[in-house]
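Examining the three-dimensional arrangement
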Amino acid sequence: KCFEDGIETQTLKMIIASITATTSDEVSLNLAENGMSSREAVVVAEFLRSNPTISRLELSNNRFDNAEAAVLACALSSNTNLKSICVGNNKIKATGRLAFLRAIFDVSSLVSCASSNCTCQVHGLEQDISALNGYRSISMNKWEKIFVMLA
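One structure accompanies this document, and this report is about it. Note that residues are indexed from 1 along each chain, following the sequence as it is written. The predicted nature of this model means local features are confined to residues of pLDDT at least 70 and side-chain atom pairs, given and counted, to a pLDDT of 80 or more, with totals for whole chains, interfaces and linings taken over all residues. Excluding hydrogens and water, the side-chain values take into account all heavy atoms of the structure.

Once that is clear, we can look at the sheet that holds strand β4 (residues 121-123). Whether two strands pair depends on DSSP finding at least two bridges between them. Secondary structure is summarised from DSSP: a helix means a run of H or I of at least four residues, a strand means a run of E of at least two, and numbering begins at the N terminus for each. Across the sheet, which stays open at both edges, the four strands sit in the order β1-β2-β3-β4 with parallel pairing between neighbours. Each having just a single partner strand, β1 (27-30) and β4 make up the two edges of the open sheet. The mean inter-strand angle of the sheet, taken between neighbouring strand axes irrespective of direction, is 15 degrees. Where β1 and strand β2 (residues 54-58) come together, four bridges link them in parallel fashion. When the bridges of β2 are listed, Leu-29 appears paired with Leu-57. Only C-alpha atoms enter the line fits that serve as axes; for helices the fit covers just the stretch in contact. Angles between N-to-C directions range over 0 to 180 degrees.

What follows is the structure in structure tokens.
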């Protein structure tokens, strides 16, 4: 817990830049308990869309609501490296949960399902969805979803 009223945009970008400079494939970034909301969600989403080699992102205990959840979830669609994102104890309700669910398991068509994020588990939401993408294998996660749709 470093910042209580959010993180200045330039400071957050500097933190993110230092993480992306790391060459390890098991990099975690803990931004929990920093009072982050919409301003920071845009910066974090931009970071996630760049598909950095980060495996875990901790965003619990901030001020993210459904709108920020939608911004973050949308960024997951182009990310294939993130294995876990934790968003518990924010102001995310059913609409935000649905945005994350659609990002990792889009049931609108088989094509959409197959192109959903198959690497990231989302933790910390009411009505837990962290069981999705539970396999280490991307193809196993993808096929499990397709089989569910066909059942």
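Right, let's talk about the packing of helix α2 (residues 38-49) against helix α3 (residues 66-76) for a bit. Between α2 and α3, whose axes approach to 8 Å, the crossing angle comes to 5 degrees. Taken as axis vectors, α2 and α3 run roughly parallel relative to one another. Listed contacts from α3 to Ser-38, Ala-41, Val-42, Val-44, Ala-45, Leu-48 and Arg-49 of α2 are Glu-68, Val-71, Leu-72, Ala-75 and Leu-76. Of the residues in the contact of α2 with α3, the class split is nine nonpolar, one polar and two charged. In this scheme, roughly parallel covers angles under 35 degrees and roughly antiparallel covers those over 145, while 65 to 115 is roughly perpendicular and the rest are oblique. Note on contacts: a residue pair is in contact if any heavy atoms of the two residues lie within 4.5 Å. Under the scheme applied here, ten amino acids are nonpolar (Ala, Val, Leu, Ile, Met, Phe, Trp, Tyr, Cys and Pro), four are charged (Asp, Glu, Lys and Arg), and all others, including Gly, are polar.

Attention now goes to helix α4 (residues 94-104). Since the α-helix turns once every 3.6 residues, residues separated by three or four places project in the same direction. For the exposure calls, accessible area comes from a 1.4 Å probe over protein chains only, and a residue counts as buried if that area is under 20% of its type's maximum, exposed if over 50%, partly exposed in between. Listed in full, the buried residues belonging to α4 are Gly-96, Arg-97, Phe-100, Ala-103 and Ile-104. In a view along the axis of α4, the buried residues occupy a sector of 120 degrees, so they form one face of it. Opposite the packed face of α4, turned more than 90 degrees from it, sit the exposed residues Ala-94, Thr-95 and Arg-102. Lining the buried residues of α4 we find α3, β3 (84-86), β4 and α6 (138-150). In this description, the arc belongs to the directions extending from the helix axis to the C-beta atoms.

With that settled, consider unusual backbone geometry. Positive phi values are uncommon outside glycine, yet Glu-33 reaches one of about 60 degrees. Considering the arrangement of structural elements, one finds Glu-33 in the loop between β1 and α2. Owing to a relative accessible area of 38%, Glu-33 belongs among the partly exposed residues under this scheme. Its identity as a non-glycine residue notwithstanding, Asn-61 has a phi of 55 degrees, on the positive side. Structurally, the position occupied by Asn-61 is in the loop between β2 and α3. With a relative accessible area of 32%, Asn-61 lands in the partly exposed category.

It is a general feature of regular strands that their side chains alternate between the two faces of the sheet. Most of β2 is tucked away: four of the five residues are buried. Here is how to tell: hold the view so the strands point away, follow the path from the first strand over the helix to the second, and if it runs clockwise the crossover is right-handed. Handedness of the crossover is the feature at issue here: the chain leaves β1, passes through α2, returns alongside β2, and the resulting connection is right-handed. The pairing of β2 with β3 spans three bridges and is classified as parallel. The residue of β3 that forms the bridge with Arg-56 is Ser-84. Handedness of the crossover joining β2 and β3 through α3: right-handed.

Attention shifts here to the nonpolar core. We define a nonpolar core as any set of buried Ala, Val, Leu, Ile, Met, Phe, Trp, Tyr and Cys residues linked to one another through side-chain atoms lying within 4.5 Å. Leu-31, Leu-48, Leu-57, Leu-59, Ile-85, Phe-100 and Val-122 are the most contacted members of the largest nonpolar core, which totals 38 residues. Those elements that place two or more of their residues in this core are α1 (9-20), β1, α2, β2, α3 and α4. Take this core: its biggest share by element is six residues, from α2. Here Phe-100 is in contact with Ala-69, Leu-72, Ala-73, Leu-76, Ile-85, Val-87, Ile-92, Val-122, Leu-125 and Ile-129, once residues within four sequence places are set aside.

Read these as spatial facts, not as claims about activity.
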